[in-house]
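Here is how the chains run, residue by residue.
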Amino acid sequence: MALITARGPRTAPAFAAVAAGNFLVLLDTSILNVALPDLRRDLHAPVAALPWAVDAYTVVFAGLLLASGSLADRWGPRRVYRVALAAFGLVSLLCAAAPGAGALIGARALLGVAAAGLVPASLAVLAALYPEPARRARAVGAWAAVTSLGLISGPVLGGVLVALGGWRLVFLVNPPVALVALLVSRGLPSGPARGGRPVDRAGLALSVAGLGCLAFGLIGAGTEGWTRPVPLAALAAAALAFALLARVERRLARDPARSPVLPPVLLATGRVRAGLVTGLMATFLVYGLLFALTQWLQEDAEMSPLRTGLTLLPLTLPMGFMPFVTGRLVASAGARPVMLAGLAADAAGGALLLPAGVHGPIPLIVAAQAALGLGSTLAIPAAIADMAGAAPPALAATAQGALNAARQAGAALGVAVLGTLPTLPAAGAVLAGGACLALVVAALAGGRTARETGLLISR
């Protein structure tokens, strides 16, 4: 099949094939939440397994995002995208057929591997499909809007599927979408595969191990108690893994033939650190609240899965249109004020849950969701824009990869922490405190970019 060009008649199907992969990635971050009570009853799963049914996906996804872009450059983005798309559909069948909680968690981890291959490769293919800068910019905006529908529709679609036939149906959405996209993607354009520096395998292994141990320790501490030896050992292992990661990255940074997954020189920039903290915390808040509220609405408020999905729309719906508003605000006011305003709205959303009490009035919960949905859709796009200006040009792609990884890490940790809290006021305290902490970090990081960037470039 001939390669598709930006001017060809088949550009629309090609765009749909590219958007389908990231749509599935985001769909699977939210669709399972409303199915967890049904999953627990069917598989007789312990409470501690429920966060891992979600986090096994996001932990692996976050860790491998740091390298998936370089692999797409090495082997060609179209090839990586199509392999990852096929794997996503096949592994989804494994998830649907899982006989127990352990098998499902393992399959979800494999699904995270496929997801990590889809996101950077899809953007690289999109750039080849739309070579003109103006059309490419519009296409990327449309890609983000279309794929965000996966996150928005996940809770509602999940509720419908659980009502129709149970939790296994939520995984059977993926294979037909992946198959159609795979057939169309045969003609996608792709830049040539390029050789590159060796992949930082040690850095990747340590980042995944550190995040996995951290999530395991937090989930275990929340469900078993903070004095239990296993969670404490996991948290100690996470600290050791991150310390070794810092040492390995500093050593690799001194070798011009190697590329550390997280260059220390990049983290020396205050605004880069602020962007990473903002991206991590804003995602932590949204995904943590999404998980915690889903369980609370079904278990305590006794809502059906479908009604639960509809009740969560104030949190997810802003993601479909707010990025366009945020882009205009960033263009007129600058990225940093918008980022700070978003974090302030997040803090207000958490504060709204403090007086919720045991039975949590639904209007109060809806207001808290709306504040969190608004705040995070201000903070995250603003952090992405600010990162583009804060990072030195030679590390621009690495910086965006690190930001995406931080966001996925925030999603995993949000589920780990908020998913084990006993009450909505406790969740509100964590939400408000986390947003305030990120707000302070982002505020203190301003005003140093020019000096720091000059130092980085000179190195």
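- The name given to the protein chain in an unreviewed UniProt entry is MFS transporter, with Microbispora corallina as the source organism.
- Database annotation for the protein chain, UniProt heading Subcellular location (unreviewed entry): "Cell membrane".

Description of the side chain of Thr311
Step number 1: Inspection of the secondary structure puts Thr311 in helix H12 (residues 305–311).
Step number 2: Those residues in contact with Thr311 that lie beyond four places of it in its chain are Leu297, Met303 and Gln369.

Some details on a nonpolar patch on the surface
Step number 1: Nonpolar side chains collect at one region of the surface, where Val160, Leu164, Leu306 and Leu310 lie side by side and expose about 350 Å² of accessible area between them.
Step number 2: Listed by contribution, the elements that provide at least two residues to the nonpolar patch are helix H6 (133–165) and H12.
Step number 3: Along the chain, Leu310 turns up in helix H12.

Section: the packing of aromatic side chains
Step number 1: Scanning all chains against the criterion turns up three aromatic pairs.
Step number 2: For the pair Tyr57 and Phe61, a centre-to-centre distance of 6.0 Å together with 45 degrees between the ring planes defines the contact as tilted. Placement of the pair is Tyr57 and Phe61 together in helix H3 (residues 49–75), with a separation of four residues, close to one helical turn.
Step number 3: On the basis of relative accessibility, which here comes to 0%, the residue Tyr57 falls in the buried class.

Looking at the pattern of salt bridges
Step number 1: According to the stated counting rule, one finds three salt bridges in the structure shown.
Step number 2: In this structure, the salt-bridge partner of Asp28 is Arg108, at a minimum N-O distance of 3.6 Å. You can see Asp28 sitting in helix H1 (residues 11–30) and its partner Arg108 sitting in helix H5 (residues 101–129), a full 80 residues away along the chain.
Step number 3: Of the residues examined, Asp28 reaches a relative accessible area of 1% and is grouped as buried.
Step number 4: With relative accessibility at 1%, the residue Arg108 sits in the buried group.
Step number 5: A salt bridge links Asp42 to Arg168; the nearest nitrogen and oxygen atoms lie 3.6 Å apart. Note that Asp42 is positioned in helix H2 (residues 36–43) and Arg168 in the loop between H6 and helix H7 (174–184), a separation of 126 residues in sequence.
Step number 6: Of the residues examined, Asp42 reaches a relative accessible area of 40% and is grouped as partly exposed.
Step number 7: Taking the relative accessible area as the measure of exposure, Arg168 reaches 27% and is therefore partly exposed.

Observations concerning the confidence of the model for the protein chain
Step number 1: Confidence in the prediction for the protein chain averages 82 pLDDT; 87% of positions are at 70 or higher.
Step number 2: In the model, residues 1–9 has pLDDT below 50 throughout and makes 25 contacts with residues more than four positions away in sequence or in other chains.
Step number 3: Predicted confidence is poor over residues 449–459, with pLDDT under 50, and the contacts of this stretch with residues over four places away or in other chains come to 15 contacts.

Here's the deal with the nonpolar core
Step number 1: Counting residues in hydrophobic clusters, the biggest one holds 59 residues, and the most contacted among them are Leu285 and Leu289.
Step number 2: In terms of residue count, helix H11 (residues 270–299) provides more of this core than any other element does, 13 residues in total.
Step number 3: Beyond its immediate sequence surroundings of up to four residues, Leu289 is in contact with Phe284, Thr294, Leu315, Leu353, Leu372, Leu418 and Leu431.
Step number 4: Judged by nonpolar contacts, the second largest core, of 57 residues, contains Ala72, Val80, Cys95 and Val170.

Quick look at the packing of helix H4 (residues 77–96) against H5
Step number 1: For the pair H4 and H5, interaxial distance at closest approach is 8 Å and the crossing angle is 155 degrees. Between H4 and H5, the interaxial angle falls into the category roughly antiparallel. As for how H4 packs across H5, the hand of that crossing is left-handed.
Step number 2: Within the contact of H4 with H5, the residues separate by chemical class into 20 nonpolar, three polar and two charged.

A look at the layout of surface pockets
Step number 1: In this structure, the second largest pocket spans a volume of roughly 770 Å³.
Step number 2: Along the walls of the second largest pocket sit 24 residues, with Phe242, Leu245, Leu262, Leu280 and Ala406 positioned nearest its centre.
Step number 3: Of all elements in the fold, only H3, helix H8 (201–224), helix H9 (229–253), helix H10 (264–267), H11 and helix H17 (396–418) reach the threshold of two or more residues within the lining of the second largest pocket.
Step number 4: Looking at the lining of the second largest pocket residue by residue, the class counts come to 19 nonpolar, two polar and three charged.

Overview of H1
Step number 1: Compared with the 28 Å implied by 1.5 Å per residue over 20 residues, the 29 Å span of H1 between its first and last C-alpha is a close match.
Step number 2: Along H1, the sharpest kink reaches roughly 25 degrees, centred on Ala19.
Step number 3: By the criterion of burial, H1 is predominantly enclosed, with 16 of the 20 residues buried.

A few points about a positive patch on the surface
Step number 1: A contiguous patch of positive charge, built from Arg247, Arg250, Arg251 and Arg254, is present on the exposed surface.
Step number 2: As for its placement among the helices and strands, Arg250 is situated in helix H9.

Overview of H2
Step number 1: Taken as a whole, H2 has its buried residues at Leu36, Pro37, Leu39 and Leu43. End-on view of H2: buried residues confined to an arc of 160 degrees, all on one side of the axis.

Thoughts on the environment of Leu50
Step number 1: Along the chain, Leu50 turns up in helix H3.
Step number 2: Note on Leu50: relative accessible area 9%, which makes it buried.
Step number 3: Distance in space between the C-alpha atoms of Leu50 and Phe291 is 10.0 Å, their sequence separation being 241 residues.
Step number 4: Contact partners of Leu50, with chain neighbours within four places excluded, come to Leu36, Leu39, Arg40 and Phe291.

Considerations on empty space enclosed by the protein
Step number 1: Taken as a whole and assessed by the stated rule, the structure comprises one cavity of 30 Å³ or more.
Step number 2: In this structure, the largest cavity occupies an estimated 30 Å³ of space.
Step number 3: Lining the largest cavity are Leu39, Ala45, Ala49, Leu50, Ala53, Ala101, Leu104 and Ile105.
Step number 4: Elements represented by at least two residues in the lining of the largest cavity include exactly H3 and H5.
Step number 5: Of the residues assigned to the lining of the largest cavity, the class counts are eight nonpolar, no polar and no charged.

Cut-off values and rules
Residues numbered from 1 in each chain as written. Predicted model: local features only at pLDDT ≥ 70, side-chain atom pairs only at ≥ 80, totals over all residues. Heavy atoms only, no water. UniProt positions renumbered as here; feature names shortened; annotations may be inferred. Helix = DSSP H or I, 4+ residues; strand = E, 2+ residues; numbered from the N terminus. Contact = heavy atoms within 4.5 Å. Patch = residues over 30% accessible without salt bridge, like charges linked within 9 Å, V, L, I, M, F, W, Y side chains within 5 Å. Areas by Shrake-Rupley, 256 points an atom, 1.4 Å probe, with all protein chains shown as cover. Salt bridge = Lys/Arg side-chain N within 4 Å of Asp/Glu carboxyl O. Phe/Tyr/Trp six-rings, centres within 6.5 Å; stacked < 30°, edge-to-face > 60°. Buried < 20%, exposed > 50% of the residue type's maximum accessible area, 1.4 Å probe, protein only. pLDDT = per-residue confidence, 0-100. Core = buried A, V, L, I, M, F, W, Y, C linked by side-chain atoms within 4.5 Å. Axes fitted to C-alpha atoms, helices over the stretch in contact; angles between N-to-C directions. Parallel < 35°, antiparallel > 145°, perpendicular 65-115°, else oblique. Left-handed = near helix turned anticlockwise from the far one by under 90°. Nonpolar A, V, L, I, M, F, W, Y, C, P; charged D, E, K, R; others polar. 1 Å grid on protein atoms, 1.4 Å probe; cavity = no way out; pocket = protein on both sides within 12 Å on 5 of 7 lines; lining within 4 Å. Points joined across faces, edges and corners; volume = space filled by probe spheres on them. Expected span 1.5 Å × (residues − 1). Bend = angle between axes of the 7 residues up to and from the residue. Lys, Arg positive; Asp, Glu negative; His and termini not counted. Charge placed at Lys NZ, Arg CZ, Asp CG, Glu CD. Arc of directions from axis to C-beta.

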